[in-house]
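These are the residues of each chain, in order.
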Amino acid sequence: MKTSKLEKSYRVDDGKHFRLKDFDPADTSNWRSKEHAAAQLQKDISRLEELQDKLYAQDRWAVLLIFQAMDAAGKDGTIKHVMSGVNPQGCQVHSFKEPSSTELQHDFLWRTTRHLPERGHIGIFNRSYYEEGLVVRVHDKLLANEHLPPDLVKKDIWEERFEDIRNFEQHMTRNGTVIRKFFLHLSRKEQKNRFLARLDEPEKNWKFSAADVHERAYWDDYQNAYEELIRATSTRHAPWYVIPADHKWFTHLAVAAAVIETLEDLKLFYPQVDAQKKKEIAAARKLLEKE
Ligand code: ATP
Ligand code: MG
């Protein structure tokens, strides 16, 4: 089945020369219309369903998809649409909010580690340990809540954390967890439109949060933090995808294409049946046909 090959790649394998300004939040690659994209997305969702079924049957690889973004960039909607065809038994979504007091008593990877996907499963992190290099970096008073020994809180703590994340992701990769990271890249202008829609449309009022509007004041700090984070943690085995997020229909298509590409690269197959199992199948057939 043909999947939506996009002419432009949003994947960053090596962050050395990464610049956020080279990526346009309003980009739609070779796709022009929402209608065409919707038909393609349906095909992609079916393809994902097939691939996930094999992933589960084979029970060797685990897949971890990480979503990070500014507020209103559409993380929730993307997860909902792209994964809509996948068997819920083989997929877990976990959202990471502000850490609890128990979580703050541990190292920063602890709370996410407990929710890593099992083999054969797709795990989705809606926010993740990357918040450490984002919200905690932008509001560094949050660091004080982490009960770290003061001698360990040095100026290069962020570089140390990026290094720890790279090492952690390499460890996971070497053990059969495939990691792909998505930054849904929204423009400041489109965030404003979406916030206004949350105020104007009664059915969207519940999504409005005054805290989100407050956080918008730190827009530039967040963009800088994202740029440095993507530079520091894009690797060939755990790349970031910088996905344009101003058009939701395109965000869904681009994420679906990336997840399909990831699963296809694994060359998944249904487990082979050995001679003993073939005998059992033949015997069971005989038994049933005799009835
Ligand atoms: P939605 O608003 O769609 O429900 P959300 O992911 O924005 O989803 P919220 O409860 O609004 O959920 O926000 C979660 C908050 O938790 C964010 O402001 C995020 O920055 C914060 N957070 C996540 N991880 C950490 C962390 N390690 N330290 C401090 N704050 C964190
Ligand atoms: Mg929120």
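Higher on the page you've got the structure.
Keep in mind that what you see is a predicted model, and the values were worked out from it rather than measured.

Draft legend 1. Molecular detail of the environment of L184. Note on placement: L184 falls in strand β5 (residues 177-185). Residues L184 and E169, spaced 15 residues apart in sequence, show a C-alpha to C-alpha distance of 20 Å. Excluding residues that lie within four positions of it along the chain, L184 makes contacts with F67, Q68, A69, A73, G74, K75, T78, I243, A245, T251 and V255.

Draft legend 2. Seen up close, the site of ligand 1. Lining the immediate environment of ligand 1, one finds 14 residues, of which D76, K97, R111, R127 and E131 sit closest. Within the contact set of ligand 1, an oxygen atom lies 3.5 Å away from a side-chain nitrogen or oxygen of D71. Here ligand 1 loses 72% of its free accessible area of 630 Å² to cover by the protein chains. Within the residue set of the shell around ligand 1, elements represented by two or more residues are α2 (75-82) and α4 (135-138).

Draft legend 3. Broad picture of helix α1 (residues 34-58). Taking 1.5 Å of rise per residue, 25 residues should cover 36 Å, and α1 covers 35 Å from first to last C-alpha, within 8% of that figure. Within α1, burial applies to A37, Q40, L41, D44, I45, R47, L48, L51, Q52, L55 and Q58. In the core, the buried residues of α1 are packed alongside β2 (62-69), α2, β3 (91-95), β4 (122-126) and α9 (248-265). Note on α1: the residue one or two positions beyond its end, D59, has a positive phi of about 55 degrees.

Draft legend 4. Quick peek at unusual backbone geometry. The phi dihedral of S29 is positive, around 50 degrees, even though this residue is not glycine. Mapped onto the fold, S29 is located in the loop between β1 (11-12) and α1. Phi at K267 takes a positive value of approximately 50 degrees, unusual for a residue other than glycine. Of note, K267 is situated in the loop between α9 and α10 (275-290).

Draft legend 5. Spatial organisation of the side chain of Q68. The topology assignment puts Q68 in strand β2. Residue Q68 is classed as buried on the basis of its relative accessible area, which comes to 0%. For Q68, the side chain forms a polar contact with the side chain of E131, separated by 2.8 Å.

Draft legend 6. Quick look at the layout of surface pockets. By volume, the second largest pocket is sized at about 240 Å³. Looking at the second largest pocket, it is lined by 15 residues, and the ones nearest its centre are S4, L6, A257, A258 and E261. Those elements that place two or more of their residues in the lining of the second largest pocket are β6 (240-244) and α9. Grouping the constituent residues of the lining of the second largest pocket by class yields eight nonpolar, three polar and four charged.

Parameters and conventions
Residues numbered from 1 in each chain as written. Chains lettered and ligands numbered in written order. Predicted model: local features only at pLDDT ≥ 70, side-chain atom pairs only at ≥ 80, totals over all residues. Heavy atoms only, no water. Helix = DSSP H or I, 4+ residues; strand = E, 2+ residues; numbered from the N terminus. Contact = heavy atoms within 4.5 Å. Near = heavy atom within 4 Å. Polar contact = N/O pair within 3.5 Å; in protein donor to acceptor, adjacent residues only side chain to side chain. Areas by Shrake-Rupley, 256 points an atom, 1.4 Å probe, with all protein chains shown as cover. Expected span 1.5 Å × (residues − 1). Buried < 20%, exposed > 50% of the residue type's maximum accessible area, 1.4 Å probe, protein only. 1 Å grid on protein atoms, 1.4 Å probe; cavity = no way out; pocket = protein on both sides within 12 Å on 5 of 7 lines; lining within 4 Å. Points joined across faces, edges and corners; volume = space filled by probe spheres on them. Nonpolar A, V, L, I, M, F, W, Y, C, P; charged D, E, K, R; others polar.

Interpretation note: all reported values are geometric properties and have no functional meaning in isolation.
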